[in-house]
Amino acid sequence: MRLAANLKIIYYNFVFTYKIHIKWLPKMNMILENIILPVLSAIFYVMAADYISDLDIRYYVSGSICFTAVDACVGGISTLVSSERRFGTLHTTIGSVFQPFYLFLGRILYWCGIGYFRFQIVFFFLFFLFMPERLTLGVWLKCSLVYFLICIALSGIGYLIGIIGLHKRNIIGICGLVESLLLLFSEIYFPKEQLLPYARNLCCLSPLYYGVKVCRSILVYDRYDATFSNIAFMLVLGGMYMVMGNVYFHFIKNRILMQGQSDVY
């Protein structure tokens, strides 16, 4: 019965997130946000990177495809989770009989689905424009699986930032900073060897770094020797951020319960 109740609350939160994100939006806004803007952004960065560097075009396409997940799985999740405080529903979440992870899991899965949808759109546009000869069913299936796992791993960062947003009133700056760091330290458009030596190790803190390595190995180098280890590192790292978010939520919850009010910061 407990499992059924948890699945039900996950489903309700998934539907709730859909209603507040898509259903109330005008159709044109939905198309702009989930199709046109991700595609134009990906094309711009690929063309800019190809103009200033001489690496294989597949290098930039593979990185740009993977970076599509960041806006949804980091920005979308963090904004929605942190909205518990902004919209005055944090006290309901604190008093719920469900664990906070189950309350937020439906929203996390929804945004992972949005990120995955955007990937599909960007994937086909970039392949048709820059390397149509590489577009095969096998490549699409492999990249689709890797990209789904990237969305899951990045959701851990989005969840952690969202929980921080229950403490800080405005997380737009934090979210923008994290997204910029992911762009810088994930080998999206340039190898980490171009970074300063002492900064290269920061790449190991990015789950996206390992996802890009897997996707690039498939598209550019056609090698699979380190695929499972990179996927494992990516998922473990994403899971660690998720655990950190849960730990921080319980810290906030204890502070609220001790002080007797939900707006204690």
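Scroll up for the structure.
Residues numbered from 1 in each chain as written. Predicted model: local features only at pLDDT ≥ 70, side-chain atom pairs only at ≥ 80, totals over all residues. Heavy atoms only, no water.

1. Some words on the overall build of the protein
Now for step 1: Secondary structure summary: the protein contains nine helices and zero strands in total.
Now for step 2: Counting from the amino terminus, helix and strand elements in the protein follow one another as α-α-α-α-α-α-α-α-α.
Now for step 3: What you see for the protein is a C-alpha radius of gyration of 19 Å, in line with the 18 Å of a compact globule of 265 residues.
Now for step 4: Put simply, the protein has 265 residues, and 48% of those count as buried.
Now for step 5: Contacts in the protein between residues at least 24 apart in sequence constitute 77% of all its contacts with a sequence separation of at least 6.
Now for step 6: If you sum the accessible surface of the protein, you get close to 13,600 Å²; carbon and sulfur atoms cover 70% of it. (Helix = DSSP H or I, 4+ residues; strand = E, 2+ residues; numbered from the N terminus. Rg over C-alpha atoms; globule rule 2.2 N^0.38 Å. Buried < 20%, exposed > 50% of the residue type's maximum accessible area, 1.4 Å probe, protein only. Contact = heavy atoms within 4.5 Å. Areas by Shrake-Rupley, 256 points an atom, 1.4 Å probe, with all protein chains shown as cover.)

2. Considering the packing of helix α3 (residues 57-86) against helix α6 (residues 137-164)
Axis angle and axis distance: for two packed helices, these are the angle between their axes and the distance between the axes, and together they describe the pair.
Now for step 1: Where α3 meets α6, the axes come as close as 7 Å, and the angle between the chain directions of the two elements is 35°. Seen along the crossing, α3 lies across α6 with a hand that is right-handed. In this structure, α3 contributes Ile65, Cys66, Thr68, Ala69, Val70, Cys73, Val74, Ile77, Ser78, Val81 and Ser82 to the contact, and α6 contributes Tyr147, Ile150, Cys151, Leu154, Ser155, Ile157, Gly158, Tyr159, Ile161, Gly162 and Ile163.
Now for step 2: The residue inventory of the contact of α3 with α6, partitioned by class, reads 16 nonpolar, six polar and no charged. (Axes fitted to C-alpha atoms, helices over the stretch in contact; angles between N-to-C directions. Left-handed = near helix turned anticlockwise from the far one by under 90°. Nonpolar A, V, L, I, M, F, W, Y, C, P; charged D, E, K, R; others polar.)

3. Quick look at the nonpolar core
Now for step 1: Of all hydrophobic cores here, the largest spans 77 residues; its most connected members are Ile65, Val74, Leu154 and Leu208.
Now for step 2: Mapped by element, the contributors of at least two residues to this core are α2 (27-52), α3, α4 (90-94), α5 (100-130), α6, α7 (172-184), α8 (207-221) and α9 (227-259).
Now for step 3: With 15 residues, α3 is the single largest residue contributor to this core.
Now for step 4: Excluding its chain neighbours within four sequence positions, the residues that come into contact with Val74 are Ala69, Leu154, Ile157, Gly158, Ile161, Cys175, Val178, Glu179 and Leu182.
Now for step 5: In terms of nonpolar packing, the next biggest core, distinct from the first, is built from five residues, Ile9, Phe98, Leu103 and Leu105 among them. (Core = buried A, V, L, I, M, F, W, Y, C linked by side-chain atoms within 4.5 Å.)

4. Considerations on the packing of aromatic side chains
Now for step 1: One pass over the full model with this rule turns up 19 aromatic pairs.
Now for step 2: Taking 5.4 Å as the distance between ring centres and 90° as the angle between the ring planes, the aromatic pair formed by Phe123 and Phe124 counts as edge-to-face.
Now for step 3: With relative accessibility at 0%, the residue Phe123 sits in the buried group.
Now for step 4: Given a relative accessible area of 31%, Phe124 falls into the partly exposed group.
Now for step 5: Through a chain of ring-to-ring contacts, three or more aromatic side chains come together here, namely Tyr116, Phe119, Phe123, Phe124, Phe127, Phe128, Trp140, Tyr147 and Phe148.
Now for step 6: Across the ring face of Tyr59, the terminal group of Arg216 is positioned such that the distance to the ring centre comes to 3.6 Å. (Phe/Tyr/Trp six-rings, centres within 6.5 Å; stacked < 30°, edge-to-face > 60°. Lys NZ or Arg CZ within 6 Å of the ring centre and 35° of its normal.)

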